[in-house]
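A structural walkthrough
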Amino acid sequence: MNLNSPLLEVKNLEVSINENQILNNLNLTINKGEIHAIMGTNGSGKSTFSKVLAGHPAYSVINGTILFKGSNILDLEPEERSNLGIFLAFQYPIEIPGVSNEDFLRLAYNSKQKFYNKQEVDPIEFLGVINEKLKSVDMNPAFLGRNVNEGFSGGEKKRNEILQMVLLNPDLCILDETDSGLDIDALKIISNGINNFMNSEKSIILITHYQRLLDYINPTYVHVMQEGKIIKTGSAELAKELESKGYEWLKN
């Protein structure tokens with residue numbers, strides 16, 4: 001990867017599912033150290049975009065390219081994209097009965113260690129790794145013994161997603177409505193975890209409906225998506241304008 005090249009380049013992306021086109025000539029460039037907030041009404045294509053970046057198999061790319069670190073990733077499986085440094089925090093994290101959070105996180109961590117030819121860790125060593133990460137999202141170590149997301153509150157599920165992000169240490173984080181369903185205390189904790197994680201070598205895509213998340217996480221750019229493409233880009237002030245005016249004015 002050229003040191004000056006963008007971390008992510010999406011060019012003329014067109015995507016369909018079940019023969020229904022969702023993304024229409026979508027273009028986006030993200031450099032290291034940038035936070036991009038994507039806003040828009042329901043059905044505008046925001047979540048579809050996040051899943052396509054992560055490699056969800058249900059979506060068909062009709063046209064366009066996705067370059068990550070200068071290489072086209074469209075033919076790569078989700079786990080390959082993950083190992084290269086792409087992370088997606090789900091809007092609706094699923095429960096996995098019978099799988100402890102500790103085992104799930106350790107296996108994910110070791111998968112990445114193996115990909116980079118690093119030493120895998122045993123359960124005892126992993127506790128030393130994960131306990132430091134737990135502090136960053138203010139999670140009780142007791143959560144490690146529970147099944148993945150099973151019986152977790154909405155806020156706990158979202159915190160668990162951020163814990164995975166901090167543990168796997170990706171270069172590009174796609175956070176799909178991480179703020180939905182959170183009370184103000186949980187929102188502050190999660191925002192703090194995201195801010196502490198962010199640095200000049202990483203980039204974040206924040207998909208959100210609400211300006212309130214951007215009170216805690218300052219975006220480099222705010223984009224508005226409509227009918228499967230980005231129709232307007234601005235600073236953090238654009239989010240405040242959307243909060244007061246809604247989206248209808250952009251149609252004009």
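So, how was this worked out
- Residues numbered from 1 in each chain as written.
- Predicted model: local features only at pLDDT ≥ 70, side-chain atom pairs only at ≥ 80, totals over all residues.
- Heavy atoms only, no water.
- Phe/Tyr/Trp six-rings, centres within 6.5 Å; stacked < 30°, edge-to-face > 60°.
- Buried < 20%, exposed > 50% of the residue type's maximum accessible area, 1.4 Å probe, protein only.
- Helix = DSSP H or I, 4+ residues; strand = E, 2+ residues; numbered from the N terminus.
- Pairing = 2+ DSSP bridges.
- Contact = heavy atoms within 4.5 Å.
- Axes fitted to C-alpha atoms, helices over the stretch in contact; angles between N-to-C directions.
- Expected span 1.5 Å × (residues − 1).
- Arc of directions from axis to C-beta.

Naming follows an unreviewed UniProt entry, where the protein appears as Iron-sulfur cluster formation ABC transporter of Haslea nusantara.

1. Topic: the packing of aromatic side chains
Within the structure shown, the criterion is met by three aromatic pairs. Taking 5.0 Å as the distance between ring centres and 85 degrees as the angle between the ring planes, the aromatic pair formed by Phe115 and Tyr116 counts as edge-to-face. Residue class for Tyr116 comes out partly exposed when judged on its relative accessible area of 39%. Here the aromatic rings of Phe143 and Phe152 are separated by 5.2 Å at their centres, their planes lie at 75 degrees, and the arrangement is edge-to-face.

2. Quick notes on unusual backbone geometry
Although it is not a glycine, Asn12 adopts a positive phi angle of roughly 50 degrees. Non-glycine residue Asn149 carries a positive phi angle of around 65 degrees. Residue placement: Asn149 occurs in the loop between strand 8 (147-148) and helix 5 (154-168). Asn149 gets classed as buried once you look at its relative accessible area, which sits at 2%.

3. Some thoughts on the sheet that holds strand 2 (residues 20-30)
Within the open sheet, the four strands sit side by side as 2-1-4-5. Their pairing is antiparallel. Strands at the two margins of the open sheet, each flanked by one partner only, are strand 2 and strand 5 (71-72). Sheet topology note: the strand 1 (residues 8-17)/strand 4 (residues 60-68) ladder contains seven bridges and is antiparallel. By the bridge assignment, Val15 is partnered in strand 4 with Val61. Contacting strand 1, strand 2 and strand 4, helix 1 (residues 46-54) crosses the sheet at an angle of about 110 degrees to strand 1.

4. Overview of helix 6 (residues 184-197)
Helix length check: helix 6, at 14 residues, gives a terminal C-alpha distance of 20 Å against a target of 20 Å (1.5 Å per residue), a fit within 8%. Of the positions making up helix 6, those classed as buried are Ala186, Leu187, Ile190, Ser191, Gly193, Ile194 and Phe197. Buried positions in helix 6, seen along its axis, are confined to an arc of 155 degrees and lie on one side of it. Among the exposed residues of helix 6, those pointing more than 90 degrees away from its buried face are Asp185 and Asn196.

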